[in-house]
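Architecture and fold: a report
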Amino acid sequence: MQLAVVGSGYVGLVAGACFADLGHDVIVVDNDQKKLAALNRGEVPIHENFLPELLERHRGTRIRFSDDLQNAVRASKAIFVAVGTPPTHQGEADLSYVESVARGIAGAIDSYKVVVEKSTVPVYTSDWVRKIILRNGAEHGEFDVASNPEFLREGTAVTDFLYPDRIVIGADTGRCAAVLREIYAPLVEGSYYLRPDVIPRPDRAQIPPPLIATSAKSAELIKHASNAFLAMKISFINAVASICESVGANVQQVREGIGTDTRIGSRFLNPGIGYGGSCFPKDLMAFRSVARESGYDFRLLDEVMRINEDQRVRFIRKVRSALWTLRGKKLGVLGLAFKGGTDDIRESPSILLIKSLLQEGCQVCAYDPAAHERAKEELNASIDFAETPYEAARGADALLILTEWEEFAALDLRQLRSEMKYPIVIDGRNLYDPEIMAAAGYTYYSVGRPAASPEPLPSAKTPTVGKKTHS
Ligand code: NAD
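Sequence order sets the numbering: in each chain, residues are counted from 1 along the sequence as written. Reporting of local features is limited, given that this is a predicted model, to residues whose pLDDT is at least 70; pairs of side-chain atoms are given and counted only at 80 or more, and all residues count toward the totals for whole chains, interfaces and linings. Side-chain descriptors were evaluated using all non-hydrogen atoms of the structure, hydrogens and water having been removed beforehand.

Here we take up helix 6 (residues 125-135). Burial classes follow relative accessibility: with a 1.4 Å probe on protein chains only, a residue under 20% of its type's maximum area counts as buried, one over 50% as exposed, and anything between as partly exposed. Helix and strand assignments follow DSSP, with helices taken as H or I runs no shorter than four residues and strands as E runs no shorter than two, numbered in order from the N terminus. Among the residues of helix 6, those classed as buried are Thr125, Ser126, Val129, Ile132 and Ile133. The arc enclosing the buried residues of helix 6, seen along the axis, measures out at 125°, which places them on a common side. Residues of helix 6 that are buried sit in contact with helix 5 (96-106), strand 5 (113-117), strand 6 (143-147) and helix 9 (216-247). Immediately downstream of helix 6, the backbone of glycine 137 shows phi near 110°, a positive value. Throughout, the arc means that of the directions going from the helix axis to the C-beta atoms. Contact criterion: two residues are considered in contact whenever any of their non-hydrogen atoms come within 4.5 Å of each other.

The following block contains the structure:
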């Protein structure tokens, strides 16, 4: 099928490349000329596994890049809107990009089209998109608006798209639902997985994925509710980790005990420095606003957000109690991206922590496998960038692990130690076993687990945040 995808960001570009791999012809539309030029030169503007391969496979044949929305709409049966929906100052979703695309689509509708919300949007957006398209000249019956939320995670976006846990299609007419079913048929019917050049199957993939057909409003709610629930799991385990620190328990053991209950599950129960990224923080705020407007005060979400912010404050306190004073201290930092496997630094806990540490007078030298360029734009010249984890650790008073990149869990501990001024590691992602770190000569702090050191530490308790849980 001929498809248009509007927005060539983390979602649009991946969706476009994957639709092409499913056999569709795709025009990816963006209004960012720099991005388009880079894509047309064969560059891949984001770091995402398998994306370069897919773009290479289909560039110039099944996938094209353009700034001409009108032509793309005229050529396509379905138009996926995957533009950003950032937060406003009040925490609502800013839908002005979606609105502008809807206006642009309206003027080009010349036969039946399905306009699909791929962006994460509040419930009722489909009604608004429909109104805007009608106001701008399209006729009833010439188009439908559907919601097809995207659940991919950055870092594993391509495999998440091609091996999803489920595909949700929120369509209010049979005609519209049929178009969406046809688009996803290679996945839902399983033919895609039989191809010799299929993108490799990840662990845990359910083949074929179930397709869940709902109303457009339900689909919009499914996305916000899913993200809110996942963020709640993270904040829950972080709250438990704080109690572990106060009583000297080990959150890793507690987590295993909780997570093996199949009703709960262990995924998204990783304690750390809190969630970040371009989705959870903004989607929780937007969901809270939607709930409020509908007359429901969703205070559970306030608490999820409060615990998340508190987690960063607790981490800074941990650094301070490990080093006593912060002014002038040299810190090595591993990780700038908001999670491993991506170069995305939007709402990255690491960047937020670095900014706080700079305000405290620390010097920072950071290493990240993919996010240097974006971090340089955000942090200007306020920190140094290293070429390797060992260079980041060179001469450091302490090393902070802030992103869970796989390579950070496999460091040569002897080499690392030889680089550092003091062998102190403060791990915000619990990548190491405290006993192994102590045996390797480190004083090691992590989240929700007792600190470890070759020398006895001053207190039996994690000597970091005491009993105080609020900033
Ligand atoms: P992004 O900022 O990476 O990409 C958005 C793209 O849209 C940009 O390239 C921008 O230039 C383009 N754009 C903006 N206005 C445009 C217009 N009028 N015409 C054409 N192009 C336009 O954003 P993203 O991370 O891809 O997220 C897009 C949406 O998907 C958001 O609603 C987000 O919440 C949702 N989402 C994101 C993820 C994720 O992991 N990033 C996962 C699921 C859902």
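If even one non-hydrogen atom of a residue comes within 4 Å of a molecule or strand, that residue is called near it. Around the ligand there are 27 residues in total, and Asp30, Lys35, Thr85, Glu154 and Lys282 lie nearest to it. Take aspartate 30: an N or O atom from its side chain is 2.6 Å from an oxygen atom of the ligand. Per-residue and other accessible areas follow the Shrake-Rupley method at a 1.4 Å probe size, with only the shown protein chains counted as cover for residues. Here the ligand has 830 Å² of accessible area as a free molecule, and 89% of this is covered by the chains. With 3 residues, the top contributor of residues to the shell around the ligand is helix 5. Throughout this description, a polar contact denotes any pair of N or O atoms lying within 3.5 Å of each other; where both atoms belong to protein, one of them has to be capable of donating a hydrogen while the other can accept it, and for residues adjacent in sequence the pair is counted only when both atoms sit in side chains.

Another aspect to go through is the layout of surface pockets. A 1.4 Å probe that fits but cannot get out identifies a cavity on a 1 Å grid over protein atoms alone, an open set with protein on both sides within 12 Å along at least five of seven lines counts as a pocket, and a residue lines either if it has an atom within 4 Å of a point. Grid points are joined across faces, edges and corners, and a volume is the space filled by probe spheres set on the points. Of the pockets and cavities examined, the second largest pocket occupies roughly 440 Å³. Looking at the second largest pocket, it is lined by 17 residues, and the ones nearest its centre are Leu95, Pro122, Val123, Thr125 and Trp128. Of the residues that constitute the lining of the second largest pocket, the class distribution is 11 nonpolar, 3 polar and 3 charged. Gly is put with the polar residues, along with every residue not named as nonpolar or charged; the nonpolar set is Ala, Val, Leu, Ile, Met, Phe, Trp, Tyr, Cys and Pro, and the charged set is Asp, Glu, Lys and Arg.

Once that is clear, we can look at the pattern of salt bridges. We count a salt bridge whenever a side-chain nitrogen from Lys or Arg sits within 4 Å of a carboxyl oxygen from Asp or Glu. Considering all chains together, one arrives at 28 salt bridges under this definition. Each of Asp21, Arg57, Arg195 and Asp197 takes part in one network of salt bridges that share partners.

So, on to the nonpolar core. Within soluble globular proteins, side chains that are nonpolar generally end up buried alongside one another. Formed by 51 residues in total, the largest nonpolar core has its most connected members in Leu336, Leu400 and Ile426. When residues in this core are grouped by element, the largest group, 5 residues, is from helix 12 (residues 299-323). Nonpolar core, defined: a set of buried Ala, Val, Leu, Ile, Met, Phe, Trp, Tyr and Cys residues in which side-chain atoms within 4.5 Å join the residues together.

It is worth spelling out unusual backbone geometry at this point. That bond from isoleucine 207 to proline 208 is cis: its omega, -10°, falls within 30 degrees of zero. Structurally, proline 208 can be placed in the loop between helix 8 (174-188) and strand 8 (211-214). Positive phi outside glycine occurs at glutamate 347, with the angle close to 50°. Mapped onto the elements of the fold, glutamate 347 is located in the loop between strand 9 (330-334) and helix 13 (349-359). Even without being glycine, asparagine 430 reaches a positive phi, approximately 50°. Residue position: asparagine 430 is located in the loop between strand 13 (424-427) and helix 17 (434-439).

Turning our attention to the domain arrangement of the protein. By the assigned domains, the protein splits into domain 1 (2-214) and domain 2 (310-445). Where each domain starts and ends comes from a domain assignment, either automatic or drawn from a database. Centre-to-centre, using C-alpha coordinates, domain 1 lies 36 Å away from domain 2. Between domain 1 and domain 2, the residue contacts involve 8 residues of the former and 11 residues of the latter. Defined here as a combined quantity, buried area equals the accessible surface (1.4 Å probe) lost by two parts on assembly, summed across both. In total, domain 1 and domain 2 occlude about 670 Å² of area from one another, counting both sides; carbon and sulfur atoms represent 39% of this. Taken as a group, Tyr10, His47 and Glu154 account for 77% of the area that domain 1 buries against domain 2, more than any other trio of residues on that side. The interface formed by domain 1 and domain 2 contains 1 salt bridge. Here arginine 346 makes a salt bridge to glutamate 154, at a shortest N to O gap of 3.8 Å. On the surface where domain 1 and domain 2 come into contact, there are 6 residue pairs in polar contact (both at pLDDT 80 or more).

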